[in-house]
Amino acid sequence: MVSVNLGAAWAKGLFPLVGAAGVTAVRVGLAAAIMLAIVRPWRTLPQRRDALNLLVYGLMLGCMNLLIYAAFARIPIGIAVAIEVVGPLGVVVLSSRRARDFGWVLLAGLGLWLLAPVHEGVPPLDPLGVAYALGAAFCWAMYIVFGKRVSTMDGGYAVAWGMLAAALFAVPVGAVQAGGALLLPAVLAGGLAVAVLSSALPYSLEMAALARLPRRVFGILVSAGPAFAALAGYIVLGERLTGMQWLAILLVILACGGAAATARK
C-alpha cells in the first residue's frame, strides 16, 4: 500500500509531460521489462489451463492502470482510490452472499454519496474522473479474481506473464497519446521509479499474498488503500481534502475492512 500509492503520487507529477496514458505506458512497459529480465518466465511456460487466466489477468491489470491514472488526472488521488476500492469490496460480498454483508455495501454507498457535491463544503468532482475510477474498480475486482486463479503458479512467473500482457495492451494506447515524448530522459527516469514503486514491487508482493492469504484477509489489508492514497496525495502533491471527503473515505475503508473481516472463510 505504501509503495503503490507513493508511486501513484509521483506518477501524477509526470502527467503534464506525457499525459495519464503516456505515464501508464512507461510504467507498465518498464515494469514488464524489469520482471521479464529478473524472472525470465519463458523458462517455465504456463500450462494451457493457466494461459487464458493469465491473459485476462494481464489485460485487467493494464486496463486498471489506464483507467485509474485517467481518474487521477481529474480528481484527487485519495478520492479516486476510495471509489476504486469498491471493486475488492464487491469481490468479498459476492463470494459470501450473505444478506448481512450487503450492509457493508450500503455503508460504502453512503461514503460515496458524501463525495457528491450536493453537500455543503464538498467541492464538485469531475464526472468523467469518477467514471474512470468506477471502471478501474471493476478491473481491480477482475484482477483479484483472476489473480487468485493464477496464484497457483509461482508468483514471480504469474506477475511477469501478466505484466507482459498488460504492456502489450497499455503501451500502444500511451504511445498514441504521447508519441515520441515517451522517450524523453526525464520521462523514462520518472517512469522507472513509478514502475518499481507502483508495479514491479507491489504486484509481486500482492501475488505472494494472494497465494498465502484468504481473500478475506487480503481484503482487510487492501481496505486501507484510500487512506494511504490520500496521505500520499497530500504529502507529495499537496492535495487537501475537506472534512466531509475524509469522512467519506473513512466510511469506505470501514465498509471494505468490515466486509472482509466478516466474510466466510
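The rules behind the values
- Residues numbered from 1 in each chain as written.
- Predicted model: local features only at pLDDT ≥ 70, side-chain atom pairs only at ≥ 80, totals over all residues.
- Heavy atoms only, no water.
- Helix = DSSP H or I, 4+ residues; strand = E, 2+ residues; numbered from the N terminus.
- Rg over C-alpha atoms; globule rule 2.2 N^0.38 Å.
- Buried < 20%, exposed > 50% of the residue type's maximum accessible area, 1.4 Å probe, protein only.
- Contact = heavy atoms within 4.5 Å.
- Areas by Shrake-Rupley, 256 points an atom, 1.4 Å probe, with all protein chains shown as cover.
- Lys, Arg positive; Asp, Glu negative; His and termini not counted.
- Charge placed at Lys NZ, Arg CZ, Asp CG, Glu CD.
- Axes fitted to C-alpha atoms, helices over the stretch in contact; angles between N-to-C directions.
- Parallel < 35°, antiparallel > 145°, perpendicular 65-115°, else oblique.
- Left-handed = near helix turned anticlockwise from the far one by under 90°.
- Nonpolar A, V, L, I, M, F, W, Y, C, P; charged D, E, K, R; others polar.
- 1 Å grid on protein atoms, 1.4 Å probe; cavity = no way out; pocket = protein on both sides within 12 Å on 5 of 7 lines; lining within 4 Å.
- Points joined across faces, edges and corners; volume = space filled by probe spheres on them.
- pLDDT = per-residue confidence, 0-100.
- Expected span 1.5 Å × (residues − 1).
- Arc of directions from axis to C-beta.
- Polar contact = N/O pair within 3.5 Å; in protein donor to acceptor, adjacent residues only side chain to side chain.

K.L.:
Any chance you could explain the overall build of the protein chain here in plain terms?
P.N.:
Scanning the protein chain from N- to C-terminus turns up 12 helices and zero strands. Counting from the amino terminus, the protein chain carries its helices and strands in the arrangement α-α-α-α-α-α-α-α-α-α-α-α. Relative to a compact globule of 265 residues, whose C-alpha radius of gyration would be 18 Å, the protein chain shows 18 Å and is just as compact. Reported as C-alpha extents along the three principal axes, the dimensions of the protein chain are approximately 55 × 45 × 25 Å. Evaluated residue by residue, the protein chain yields a buried proportion of 52% over its 265 residues. In the protein chain, of all internal contacts separated by at least 6 residues, the share reaching a separation of at least 24 is 88%. Element-wise, carbon and sulfur atoms account for 71% of the exposed surface of the protein chain, whose accessible area totals about 11700 Å². One finds the centroid of the 18 positive side-chain charges in the protein chain at a distance of 11 Å from the centroid of its 8 negative side-chain charges.

K.L.:
Would you explain the packing of helix α10 (residues 215-222) against helix α12 (residues 243-262) in this entry?
P.N.:
A packed helix pair is summarised by two numbers, namely the angle formed by the two axes and the spacing between the axes. Running from amino to carboxyl end, α10 crosses α12 at an angle of 165°, the nearest separation of the two axes being 8 Å. Considered as vectors, α10 and α12 are oriented roughly antiparallel to each other. Between α10 and α12 the crossing geometry is left-handed. Between α10 and α12, the residues in contact are R216, G219 and I220 and C256, G257, A260 and A261, respectively. For the contact of α10 with α12, the residue count by class is four nonpolar, two polar and one charged.

K.L.:
Would you mind going over empty space enclosed by the protein with me for this structure?
P.N.:
Regions of empty space are outlined by a rolling probe, equal in size to a water molecule, passed over the atoms. Within the structure shown, the criterion is met by three cavities of 30 Å³ or more. Each pocket or cavity is described by its volume, and for the largest cavity that value is around 250 Å³. Lining the largest cavity are 19 residues; nearest its centre among them are V4, M64, E84, W140 and Y203. For the lining of the largest cavity, the elements supplying multiple residues, two or more each, are α1 (2-12), α3 (48-72), α4 (77-84), α7 (127-150) and α9 (185-212). Element by element, the count of residues in the lining of the largest cavity is highest for α3, at five residues.

K.L.:
Explain the layout of surface pockets here, please?
P.N.:
Counted as a void, the largest pocket has a volume near 200 Å³. Per element, the largest residue contribution to the lining of the largest pocket is four residues, and it comes from α9. For the lining of the largest pocket, the class distribution of residues is nine nonpolar, one polar and one charged.

K.L.:
What is the right way to read the confidence of the model for the protein chain from this model?
P.N.:
In regions of low pLDDT, the predicted coordinates are not meant to be interpreted in detail. Averaged over all residues, the pLDDT of the protein chain equals 84, while 95% of them reach at least 70. Model confidence for the protein chain, summarised as mean pLDDT per element, is weakest for α10 at 76 and strongest for α4 at 92.

K.L.:
Quick question: what am I supposed to make of helix α11 (residues 225-237) here?
P.N.:
Within an α-helix, residues lying three or four positions from one another point in the same direction, as the helix has 3.6 residues per turn. Given a rise of 1.5 Å per residue, 13 residues ought to cover 18 Å, and the 17 Å separating the end C-alpha atoms of α11 matches this to within 8%. Taken together, the buried positions of α11 are occupied by G225, P226, A229, A230, A232 and G233. Around the axis of α11, the buried residues are gathered within 160° of arc, so they sit on the same side. For α11, the secondary structure elements touched by its buried residues are α1, α4, α10 and α12. Where α11 ends, the next residue or the one after it, G238, has phi of about 70°, a positive value.

K.L.:
Got a minute to help me understand the side chain of Q245 in this structure?
P.N.:
Structurally, Q245 is set in helix α12. Reaching out from Q245, the side chain makes a polar contact with the backbone nitrogen of T242 at a distance of 3.0 Å.

K.L.:
How do you make sense of the environment of V173 when you look at a structure like this?
P.N.:
Mapping V173 onto the fold places it in helix α8 (residues 155-178). V173 gets classed as partly exposed once you look at its relative accessible area, which sits at 35%.

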